[in-house]
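# Working through the structure, step by step
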Amino acid sequence: MATRDLPPPVLFPLLHLLLLLLLPLSVRAAAAGDEFPRDGRVIELDESNFERALGAIDFLFVDFYAPWCGHCKRLSPELDEAAPVLAGLSEPIFVAKVNADKYRKLGSKYGVDGFPTLMLFIHGVPIEYTGSRKADQLVRNLKKFVAPNVSILESDSAIKNFVENAGTSFPIFLGFGVNESLIAEYGGKYKKRAWFAIAKGFSDDIMVAYDFDKVPALIAIHPKYKEQSLFYGPFEGNFLEDFVRQSLLPLTVPINTETLKMLNDDERKVVLAILEDDSDDKSAQLVKVLRSAANANRDLVFGYVGVKQWEEFVETFDISKSSQLPKLLVWDRNEEYELVDGSEKLEEGDQASQISQFLEGYRGGRTTKKKVSGPSFMGFLNSLVSMNSLYILIFVVALLVVMVYFAGQDDTPQPRRVHEE
């Protein structure tokens, strides 16, 4: 029987290495991905497998936690609830956890200086997540990161499905007959704050449903507040972006801790209506009138707040339970506000005319400027720290002082580790 010469034994390692190099990258990536569960469970990562996970998973949401951290413990069940939903998306997002107190080198590499720190890694590139940590809101917020900048909708049913799937957490911009490249620019710029879509196929029924009668048209929808705005152009210069930027907020904004954060990204002054109770019928009627005024005065934000809903906030504008309400003022979103001479109080009757007179007086400069009361109003707004949090902070500081005092009574030096949550 014929025999063949075999390569020398020294060549086998080289042939094995060459074979590995010739393997398709996708095959090697799949092999690496097999070690990480894809069934919606939260993945435990450490320094030995973190980089492999980044290479194997396109969208990886990571919780850098510490076992002793109370906030981390409260977050854990929320992640367990959100993980299977995120894994089931058309572009799946997988949730992972890293004990950054134990694997400090890994935490330090990504700038982790507090717990929990949440990051979404998109193809290995980290983006810190600072949004809501409740499971349902977390899913809504993260879906924005994996969605296309602009969705293309070819039919009435596609439009309906898009609006339903977008939910109520973000405004929706629907373009009808609008140049796709124009919307794509702003779809990328404001991706984290809104949904964008272009409808290329739609019927007259859609035009009736969204109340427009010609194209091109851009519709801004706020499902949460049941508000809609319409833009017919011009679609050049700054006009389009001005409409998009101004429509990121609803026409009338209920002032609370969440919307105050949204106002930080808006440069307009706020026409603020202070009410006794923003949930009663009279207030609901006033908000409708404010909405009409807001639609005609887009250079201003129109907001409202009830004393019953947020007494601590309205007190900074020298409002008490004995004040005559409703009351209008113009707030610079900082520490100054303006009262329009003779027009700040809204009486019973034609409130639309009274609001028009107020705006006319404001634009005419017939105002009195005042400072908000309180020693640190900006700090209150920016951090949104309640008095309860301040009391807790004082207690913790006092406790640390006592601990340091008793530690000083022992002459034997003891190593200490200080953790910040």
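An account of the accompanying structure is given in this report. These numbers were taken from a predicted model, which means no experiment stands behind them. Here the residue numbering is sequential within each chain, running from 1 through the sequence in written order. Predicted model: local features are reported for residues with pLDDT of at least 70 only, side-chain atom pairs are reported and counted for 80 or more only, and whole-chain, interface and lining totals are derived from all residues. Excluded from the side-chain calculations are hydrogens and water; all other atoms, namely the structure's heavy atoms, are used.

### Here we look at the packing of aromatic side chains
Only Phe, Tyr and Trp rings take part, Trp by its six-membered ring, and two of them pair if their centres are within 6.5 Å. Stacked means planes under 30 degrees apart, edge-to-face means over 60, and tilted covers everything else. Taken as a whole and judged by the stated rule, the model has 21 aromatic pairs. Here the aromatic rings of tyrosine 110 and phenylalanine 121 are separated by 5.1 Å at their centres, their planes lie at 90°, and the arrangement is edge-to-face. Here phenylalanine 121 lies in strand 4 (residues 117-122) and tyrosine 110 lies in the loop between helix 5 (104-109) and strand 4, a separation of eleven residues in the sequence. Judged on exposure class, the residue tyrosine 110 and its partner phenylalanine 121 are both buried. Put simply, DSSP H or I for four residues or longer makes a helix, DSSP E for two residues or longer makes a strand, and each gets a number counted from the N terminus. Residue exposure (1.4 Å probe, protein chains only): buried if accessible area is under 20% of the type maximum, exposed if over 50%, otherwise partly exposed.

### Quick look at the sheet that holds strand 2 (residues 59-65)
As a general point, the strands of a sheet are linked pairwise by backbone hydrogen bonds and lie either parallel or antiparallel. With mixed pairing, the five strands of this open sheet are ordered in space as 1-3-2-4-5. Of all the strands in the sheet, just strand 1 (43-45) and strand 5 (125-129) have a single pairing partner and so form its edges. Looking at each pair of strands side by side, their axes are set apart by 30° on average, direction ignored. Strands were regarded as paired on the criterion that DSSP finds at least two bridges between them. Strand direction decides the pairing type here: strand 2 and strand 4, joined by six bridges, are antiparallel. Its bridge partner being in strand 4, phenylalanine 64 is matched across the sheet by threonine 117. Each of strand 2, strand 3 (94-99) and strand 4 is contacted by helix 4 (residues 70-87), which is oriented at about 150° to strand 3, the strand it contacts most. Across the sheet, helix 6 (residues 135-146) touches strand 2, strand 4 and strand 5, and the angle it forms with strand 5 is around 145°. Working convention: axes come from line fits to C-alpha atoms, limited for helices to the stretch in contact. Angles between N-to-C directions cover 0 to 180 degrees. Only heavy atoms matter for contacts: two residues are in contact if any of them lie within 4.5 Å across the pair.

### A look at the packing of helix 4 against helix 6
One can describe the packing of helix 4 onto helix 6 by two numbers: an axis separation of 8 Å at closest approach and a directional angle of 40°. Taken as axis vectors, helix 4 and helix 6 run oblique relative to one another. Crossing hand, helix 4 versus helix 6: right-handed. In this structure, helix 4 contributes Glu78, Leu79, Glu81, Ala82, Val85 and Leu86 to the contact, and helix 6 contributes Ala135, Leu138, Val139 and Leu142. When describing relative orientation, an angle under 35 degrees is termed roughly parallel and one over 145 degrees roughly antiparallel, while 65 to 115 degrees is termed roughly perpendicular and anything else oblique. Crossings are classed by handedness, with left-handed meaning an anticlockwise turn of the near helix from the far one by less than a right angle and right-handed meaning a clockwise turn.

### Structural notes on empty space enclosed by the protein
Of the two site types, the cavity is a set of points on a 1 Å grid over the protein atoms alone where a 1.4 Å probe fits but cannot get out, and the pocket is an open set with protein on both sides within 12 Å along at least five of seven lines, each lined by residues with an atom within 4 Å of a point. Grid points are joined across faces, edges and corners, and a volume is the space filled by probe spheres set on the points. The tally for this structure, following the rule as stated, stands at four cavities of 30 Å³ or more. One number sums up the size of the largest cavity: a volume of about 70 Å³. If you go around the largest cavity, the residues you meet are Gln246, Leu249, Pro250, Leu251, Arg268, Ala294, Arg298, Leu300, Val301 and Phe302. In this classification, the charged set is Asp, Glu, Lys and Arg, the nonpolar set is Ala, Val, Leu, Ile, Met, Phe, Trp, Tyr, Cys and Pro, and all remaining amino acids, among them Gly, are polar. Residue composition of the lining of the largest cavity, by class: seven nonpolar, one polar and two charged.

### Comments concerning the layout of surface pockets
Approximately 1,500 Å³ is the volume found for the largest pocket. For the lining of the largest pocket, the elements supplying multiple residues, two or more each, are strand 5, helix 6 and helix 11 (257-263).

### Here we look at the pattern of salt bridges
Here a salt bridge means any side-chain nitrogen of Lys or Arg lying within 4 Å of a carboxyl oxygen belonging to Asp or Glu. A complete count under the given rule lists twelve salt bridges for this structure. Aspartate 266 is the partner of arginine 268 in a salt bridge, and the nearest nitrogen-oxygen pair spans 2.8 Å. Here arginine 268 matches aspartate 266 in class, with each residue buried. A salt bridge links aspartate 299 to arginine 363, with the shortest nitrogen-to-oxygen separation between them at 2.9 Å. With aspartate 299 in the loop between helix 12 (281-296) and strand 13 (301-306) and arginine 363 in helix 14 (residues 351-363), the pair connects residues that are 64 residues apart, well separated along the chain. Residue class for aspartate 299 comes out partly exposed when judged on its relative accessible area of 41%. A relative accessible area of 44% places arginine 363 in the partly exposed class.

### Focus: helix 4
Multiply 1.5 Å by the residue count of a helix minus one, and that product is the helix's expected span. Its 18 residues give helix 4 an end-to-end C-alpha distance of 26 Å, which sits within 8% of 26 Å, the value for a rise of 1.5 Å per residue. Helix geometry: helix 4 is bent most strongly at serine 76, by close to 25°, with proline proline 77 lying one to four residues after it. Residues of helix 4 that are buried: Cys72, Leu75, Ser76, Glu78, Leu79, Ala82, Ala83, Leu86 and Ala87. Among the structural elements, strand 2, strand 3, strand 4 and helix 6 are those in contact with the buried residues of helix 4. The angle between axes fitted to the seven residues ending at a residue and the seven residues starting there is what we call the bend at that residue.

### Regarding the nonpolar core
What is meant by a nonpolar core is a set of buried Ala, Val, Leu, Ile, Met, Phe, Trp, Tyr and Cys residues, joined one to another through side-chain atoms within 4.5 Å. By size, the foremost hydrophobic cluster in this structure holds 27 residues, and its most contacted members are Leu45, Phe50, Leu60, Val62, Phe64, Tyr110 and Phe121. Residue assignment for this core shows that the elements contributing at least two residues are strand 1, helix 3 (50-56), strand 2, helix 4, strand 3 and strand 4. If near-sequence neighbours (up to four positions away) are discounted, leucine 60 is found in contact with Leu45, Ala53, Leu54, Phe94, Ala96, Met119, Leu120 and Phe121. Val314, Leu325, Trp331 and Tyr337 belong to the second-largest nonpolar core, a separate cluster that totals 22 residues.

### Description of the sheet that holds strand 9 (residues 217-222)
Judged by pairing direction, the sheet is mixed, and its five strands sit side by side in the order 6-8-7-9-10 without closing on themselves. Since the sheet does not close on itself, it has two edges, and those belong to strand 6 (151-153) and strand 10 (227-231), each with one partner. Ignoring strand direction, the axes of neighbouring strands in this sheet form an average angle of 20°. By the bridge criterion, three bridges tie strand 6 to strand 8 (residues 195-199) in an arrangement that is parallel. Opposite serine 151, over in strand 8, you have alanine 197 as the bridge partner.

### With respect to the pairing of strand 12 (residues 270-275)
Burial analysis of strand 12 places six of its six residues in the buried class, the great majority of the element. Here strand 12 shows two buried faces, one formed by Val270, Leu272 and Ile274 and the other by Val271, Ala273 and Leu275. Pairing geometry for strand 12 and strand 13, over six bridges, is parallel. The residue of strand 13 that forms the bridge with leucine 272 is glycine 303. As judged from the five bridges shared by strand 12 and strand 14 (residues 327-331), these two strands associate in the antiparallel manner. Counterpart to isoleucine 274 in the pairing with strand 14 is lysine 327.

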